[in-house]
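Architecture and fold: a report
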Amino acid sequence: MAISLKLNGKDQTVEAEPGTPLLWVIRDELKMTGTKFGCGVASCGACTVHLNGEPVRSCQTYIEDVEGAEITTIEAMSENEIGAAVQQAWIELDVVQCGYCQSGQIMSAVGLLSENPKPSAQEIDDYMWGNACRCATYQRIRAGIQRASEILEA
Amino acid sequence: MTINTSRRGFLKSAAAAGAVLVVGVRPDGALAASGSPSMLTPFVQIGSDGSVTAIVKHFEMGQGPSTGLTTLIAEEMGLTMDQIGYDFAPSNPQVYNNTLFGPMQGTGGSTAMANSFMQYRQAGAAAREMLLQAAAQAWGADASALTLQDGVISGAGHSAPLGEFVEAAAQLDAPADPPLKDPSEFRLIGNPDVRRLDSAAKGNGTAMFAMDIERPNQMIAMIARPEQQRATAVSVDASGAEGIKGFIDAQILPNAAGVAVFAETTWGAMQARDAISVEWDTSAAETRSSDEIEAEIRAALDAEPTYNVNGADVAAVRAAVDGADTVVEETFYFPLLAHAPMEPLNCTIEETADGGILLHDGCQFPTIPHGAIAEIFGIPFEKVQIKTVLAGGSFGRRATPQADYQVEAALAFSLTDRSRPVHLVWSREDDLRSGYYRPAFGHKVRVGLNADGSIVGWEHRVAGQSIMKGTPFEAFAIQNGVDHSSVEGTVDSPYQIPTAAFGLTDTEKATSTLWWRAVGHTHTAYVMEVMMDMAAKAAGIDPVDFRLAYLTGDGPDQTRKAGVLKLAAEKANWGNAPEVRSQGIAVHKSFNSYVAEVVEISGTPEDGIKIEKVTCAVDCGIAVNPDIIKAQMEGGIGYGIGHNMRDQITLTAGVVDQYNFPDYEPLRISDIGEIEVHIMPSAEAPTGVGEPGTPPAAPALANAIAAASDLRVASLPMDENGVSFV
């Protein structure tokens, strides 16, 4: 079936079977590789994208449910004020290690800061709980979100 | 300041195509009158436009060698970090071998910086000297009057960018022994402000991991595997997959270990794999359960060990323990653990125009898959190329003695007409159920204390599944029957324990065993440090003071271990935790580095433990990239704590019980509070940082729990043995 959606501000029509996860439409069909496959069961958060501005796990979001929706991926984060601040903070603090989960971490962090511009450590933990990092970069993720909050406040 | 490491080799330069200067150490250590560039070890390449590229021989799984080895070249060439780039080295064990592994190229054992520190500095220094020499000739000046700084050569009234002299420098012989910078002149080595070179790309989605490789016209392959290890495929019925979009074919692998399912897309391959049906021959399959593995290990601990590891007079040690005023005794059990790197295993294989094979892989030990692929396709070693790309974590999993996933890709590719590249992709279920695990181990320890609380005897039995036996490494890794990786961290501990006996019994393997971040230290550090804590408590002596009493020697092993122990205790305000908190401490040497950690918790095992803070002190010699060292300690602590809190792989009748992350729950951001890392100043040669942060973390947590509650967790994971976490 043909599905129309807006990806990173651009209208796209993709051909996909119903039941195809958005993750695989993005990676297999649209050839955008910034969104990662980690578990396939919404347990790790590596595949996080924004659906109408809200973080969702693209591996458990089905293509027929996003007809007409606005999808945003890591590739467009530098054009988003909050996204750019998070990316800057991530570089300042060298948050990444292997880096494979970090697209998803950043997409969730932007979701958090969009709702709550100045989250406490506890609020960060509560919101970011679903994004696993096997390298355990968690304390830098926490510090990175707080640094991004400062950058945005300045 | 002296640098305690060996230097090797002569240096030689050669011109490569396009006036590129390549500098490195000749593999045979000889200085030939002439030589082709392919015989050299290019650690640094300089283009005629002045662009400098470090050629990094270690793969990047997050531990930082791409930044680290590049730092060494930049330091000696007087460059800033934004004047240099890096590429991963091709697979070539003659020139890019790990000097601590012999004739093999590979990353592991926390050796990347240890084996590269002098090699890369020498390469950078030789490049600098040759450029200065070329400039001196052009200007009719004395090279000693010239300097190279920030990419510009200046002196004797001249100044020009280094790119102007690359062509001339490429014609020169490299100096045999280029002068290295004195450590007092270092601007980058030891500089905490040097940033990772891969941060930006990993934060904006442009970093290319193996999973992101898309070769023209590639197919995806996934493997249908049996539930039980060592079952084999007899027949496949793919009719259920017909009609699935993109499904191409399903065929039994040549070794019958599984069925390769080919599709145009990853999603198509996933669906098709679920839709086919395979008949398996289970007559030779594994049928044991983890309960049986544990029972076998526990029985072995109750028997006389097979190997007397330290040649002790066991009867005398036992008599000393039996005759002691107090005997402290504990039996420990450690389950199987999966590595679960964030990026599921995968690689892409294709045929080259000349009939060779090219593998794209986040490749940890290139030499092993390189040889395996040559053998599978019956082609010379030289016709195989490996392009190493970023790896999304490993923790040991991407390096197996059998090159397991690369061989799978090669076998799948061999089923095709080779006209299309094949990208082999694993799912998370494949990863957790693949059968390569940190082996299960048990320890039984009896410690005798005299009336003043001193240790008078230490009898220590280890039983478990050897990692090295049955692998190609057996010949050199096993000595007198003992796999050192089973006992490392016990018999070779810097603690000066009198009257000690260490025994080992191998138990049967029910799965493939594999090194897992810190290898044997993952269980030995836990046992040593919990026993020291129990003995200190029995003796009524502070745990830090008790340990220091066995580190009084003036050898570096004792002074460095005592040093980090005291530093961590001081920085954690040891003994003065807030009233509602409890502290535990552990210290361990692994991979030639010394790490002490204090874990501070609140709560109780019944109501829930919260890990509030971890304070770490590390002595890893010269700290080349201090911030990366800190990051590795932070990550190593999380890795050690997370698995020991709640993870294990279990088997029921030979079938792995865990499928995906909900069954093998990763450490989450809410599980662990602040981590503070302190680096011991040192002039010693750099040692490992990727693994040494892991071993002390879980025993420090266990000791904190014991301080809070009197509960001694001796079987792992903790949440299956009386501890809840909040």
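None of these values were measured; they are calculated from a predicted model.

**Some thoughts on the overall build of chain B**
In terms of regular secondary structure, chain B is built from 18 helices and 32 strands. The C-alpha radius of gyration of chain B comes to 27 Å, within 12% of the 27 Å expected for a compact globule of 726 residues. Its C-alpha atoms put chain B at 80 × 70 × 45 Å along the principal axes. Looking at chain B residue by residue over its 726 residues, the buried ones come to 63%. Taking all contacts inside chain B whose residues are at least 6 apart in sequence as the whole, residues at least 24 apart take part in 74%. Counting only carbon and sulfur atoms, one obtains 49% of the accessible surface of chain B, whose full area is about 24,400 Å². Taking the average location of the 49 positive side-chain charges in chain B and that of its 89 negative ones, the two points are 2 Å from each other.

**Some thoughts on the overall build of chain A**
On a plain count of helices and strands, chain A comes out with 5 helices and 5 strands. The secondary structure elements of chain A, listed N-terminal to C-terminal, are β-β-α-β-β-β-α-α-α-α. The C-alpha radius of gyration of chain A comes to 15 Å, within 12% of the 15 Å expected for a compact globule of 154 residues. Principal axes of the C-alpha set define a box for chain A whose edges measure 45 × 30 × 25 Å. The buried share among the 154 residues of chain A stands at 62%.

**Here's the deal with unusual backbone geometry**
All names here are of chain B. Following L716, the chain continues to P717 via a peptide bond in cis, the omega torsion being 0°. You can see P717 is positioned in the segment after α18 (697-709). Although it is not a glycine, S110 sits at a positive phi angle of roughly 55°. Looking at the secondary structure, you find S110 in the loop between α2 (93-96) and α3 (112-139). The phi torsion at N480 lies on the positive side, around 50°, for a residue other than glycine. Position of N480 relative to the elements: it lies in the loop between β23 (478-479) and β24 (482-483). Overall, N480 belongs to the exposed group, its relative accessible area being 76%.

**What to know about the pattern of salt bridges**
Going through the model one piece at a time under the given rule, you end up with 54 salt bridges over all chains. Linking R195 of chain B and D94 of chain A is a salt bridge whose minimum nitrogen-to-oxygen distance equals 3.5 Å. Of this pair, R195 of chain B sits in the loop between α4 (166-169) and α5 (199-203) while D94 of chain A is found in the loop between α2 (81-92) and α3 (102-115), placing the two residues in two different chains. Between E304 of chain B and R318 of chain B there is a salt bridge, with the nearest N and O atoms lying 3.0 Å from each other. Highlighted residues: E304 of chain B in the loop between α7 (290-301) and β14 (307-308) and R318 of chain B in helix α8 (residues 314-322), separated in sequence by 14 residues.

**Things to note about empty space enclosed by the protein**
All names here are of chain B. In total, this model carries 5 cavities of 30 Å³ or more according to the counting rule given. Each pocket or cavity is described by its volume, and for the largest cavity that value is around 70 Å³. Looking at the largest cavity, the residues that line it are F334, L337, R438, W516, T522, Y526, G640, N644, T694, P695, A698 and P699. Listing elements by their share of the lining of the largest cavity, those giving two or more residues are α14 (521-539), α17 (626-646) and α18. For the lining of the largest cavity, the per-class residue count stands at 7 nonpolar, 4 polar and 1 charged.

**Considering the nonpolar core**
Residues and elements named next belong to chain B. Counting 194 residues, the largest nonpolar core has L131, I153, W458, Y526 and I641 as the members making the most contacts within it. With 13 residues, the single largest contributor to this core is α3. Those residues in contact with Y526 that lie beyond four places of it in its chain are F332, F334, H521, A698, P699, A702, V713, L716 and M718. Ranked by size, the runner-up nonpolar core spans 45 residues in total, among them A260, V422, M468 and V519.

**What to know about the domain arrangement of chain A**
Where the parts come together, the accessible area they lose is often given as the size of the interface. Residues and elements named next belong to chain A. Considered domain by domain, chain A is made up of domain 1 (2-75) and domain 2 (76-153). Computed over C-alpha atoms, the centres of domain 1 and domain 2 are 20 Å apart. Across the contact, 18 residues belong to domain 1 and 16 residues belong to domain 2. For the pair domain 1 and domain 2, the two sides together bury roughly 1,400 Å², of which 54% comes from carbon and sulfur. Sorting the residues of domain 1 by area buried against domain 2 places K36, H50 and I74 first, and these three jointly supply 35% of that buried surface.

**A few points about the packing of aromatic side chains**
Scanning the entire structure with this criterion turns up 16 aromatic pairs over all chains. Judged by centre distance (5.3 Å) and plane angle (90°), the ring pair of Y100 of chain A and F209 of chain B falls under edge-to-face. Note that Y100 of chain A is positioned in the loop between α2 and α3 and F209 of chain B in the loop between α5 and β9 (219-224), a pairing that runs across two chains. Classification of Y100 of chain A as buried rests on a relative accessible area of 0%.

**Brief notes about the interface of chain A and chain B**
Taken together, the contact between chain A and chain B spans 53 residues of the former and 61 residues of the latter. Note on chain A versus chain B: buried area summed over both sides is about 4,500 Å², and carbon and sulfur give 54% of it. By the criterion of area lost to chain B, the three top residues of chain A are Q97, Y100 and R134 of chain A, representing 18% of everything that side buries. Along the contact surface separating chain A from chain B lie 7 salt bridges.

**Details of the environment of P192 of chain B**
Residues and elements named next belong to chain B. Tracing the chain through its elements places P192 in the loop between α4 and α5. Note on P192: relative accessible area 47%, which makes it partly exposed. Ignoring anything within four residues of it in the chain, the contact list for P192 reads P626 and D627.

**Points about the sheet that holds β9 of chain B**
Residues and elements named next belong to chain B. The strand order β11-β12-β9-β19-β16-β17-β18 describes an open sheet built from 7 strands, whose pairing is mixed. Pairing within the sheet leaves two strands with one partner each, and these edge strands are β11 (247-252) and β18 (384-388). Strand-to-strand, the axes of this sheet are offset by a mean angle of 20°, without reference to chain direction. Of the pairings in the sheet, the one linking β9 to strand β19 (residues 422-425) comprises 3 bridges and is parallel in character. Paired with A221 across the two strands is L424, which belongs to β19. Together, β9, β11, β12 (259-263) and β19 form the strand contacts of helix α6 (residues 266-275), whose direction differs from that of β9 by roughly 25°. Lying over the sheet, helix α9 (residues 367-377) contacts β16 (346-351), β17 (357-361) and β18, oriented at roughly 140° with respect to β18.

**Let's talk about the side chain of T67 of chain B**
Looking at the element boundaries, T67 of chain B is found in helix α1 (residues 65-77). Other than its neighbours up to four places away in sequence, T67 of chain B contacts E60, M81, V194, R195, R196, L197, N625 and I628 of chain B.

**Some points on the domain arrangement of chain B**
Residue and element names in this part refer to chain B. Here chain B is described as being made up of domain 1 (11-196), domain 2 (210-283 + 345-425) and domain 3 (290-337 + 437-720). In this complex, domain 2 contributes 13 residues to the contact, which on the side of domain 3 involves 15 residues. Summing both sides of the interface, domain 2 and domain 3 together bury roughly 1,100 Å²; the carbon and sulfur share of this comes to 60%. Three residues stand out in domain 2 for area buried against domain 3, namely E227, F395 and P401, and they jointly supply 50% of the buried area on that side. For the interface between domain 2 and domain 3, the tally reads 0 salt bridges. In this structure, the connection of domain 2 to domain 3 is made through 3 residue pairs in polar contact (both at pLDDT 80 or more). Considering only residue class, the side of domain 2 that touches domain 3 consists of 5 nonpolar, 5 polar and 3 charged.

**Concerning α14 of chain B**
The periodicity of an α-helix, 3.6 residues per turn, causes residues three or four places apart in sequence to face the same way. Residue and element names in this part refer to chain B. The end-to-end C-alpha separation of α14 is 26 Å, in line with the 27 Å expected for 19 residues at 1.5 Å each. Most of α14 sits out of view: 16 of its 19 residues are buried. Directly after α14, the chain includes G540, whose backbone phi takes a positive value near 70°.

Criteria and cut-off values
Residues numbered from 1 in each chain as written. Chains lettered and ligands numbered in written order. Predicted model: local features only at pLDDT ≥ 70, side-chain atom pairs only at ≥ 80, totals over all residues. Heavy atoms only, no water. Helix = DSSP H or I, 4+ residues; strand = E, 2+ residues; numbered from the N terminus. Rg over C-alpha atoms; globule rule 2.2 N^0.38 Å. Buried < 20%, exposed > 50% of the residue type's maximum accessible area, 1.4 Å probe, protein only. Contact = heavy atoms within 4.5 Å. Areas by Shrake-Rupley, 256 points an atom, 1.4 Å probe, with all protein chains shown as cover. Lys, Arg positive; Asp, Glu negative; His and termini not counted. Charge placed at Lys NZ, Arg CZ, Asp CG, Glu CD. Salt bridge = Lys/Arg side-chain N within 4 Å of Asp/Glu carboxyl O. 1 Å grid on protein atoms, 1.4 Å probe; cavity = no way out; pocket = protein on both sides within 12 Å on 5 of 7 lines; lining within 4 Å. Points joined across faces, edges and corners; volume = space filled by probe spheres on them. Nonpolar A, V, L, I, M, F, W, Y, C, P; charged D, E, K, R; others polar. Core = buried A, V, L, I, M, F, W, Y, C linked by side-chain atoms within 4.5 Å. Domains from an automatic or database assignment. Buried area = accessible area lost by both parts, 1.4 Å probe. Phe/Tyr/Trp six-rings, centres within 6.5 Å; stacked < 30°, edge-to-face > 60°. Pairing = 2+ DSSP bridges. Axes fitted to C-alpha atoms, helices over the stretch in contact; angles between N-to-C directions. Polar contact = N/O pair within 3.5 Å; in protein donor to acceptor, adjacent residues only side chain to side chain. Expected span 1.5 Å × (residues − 1).

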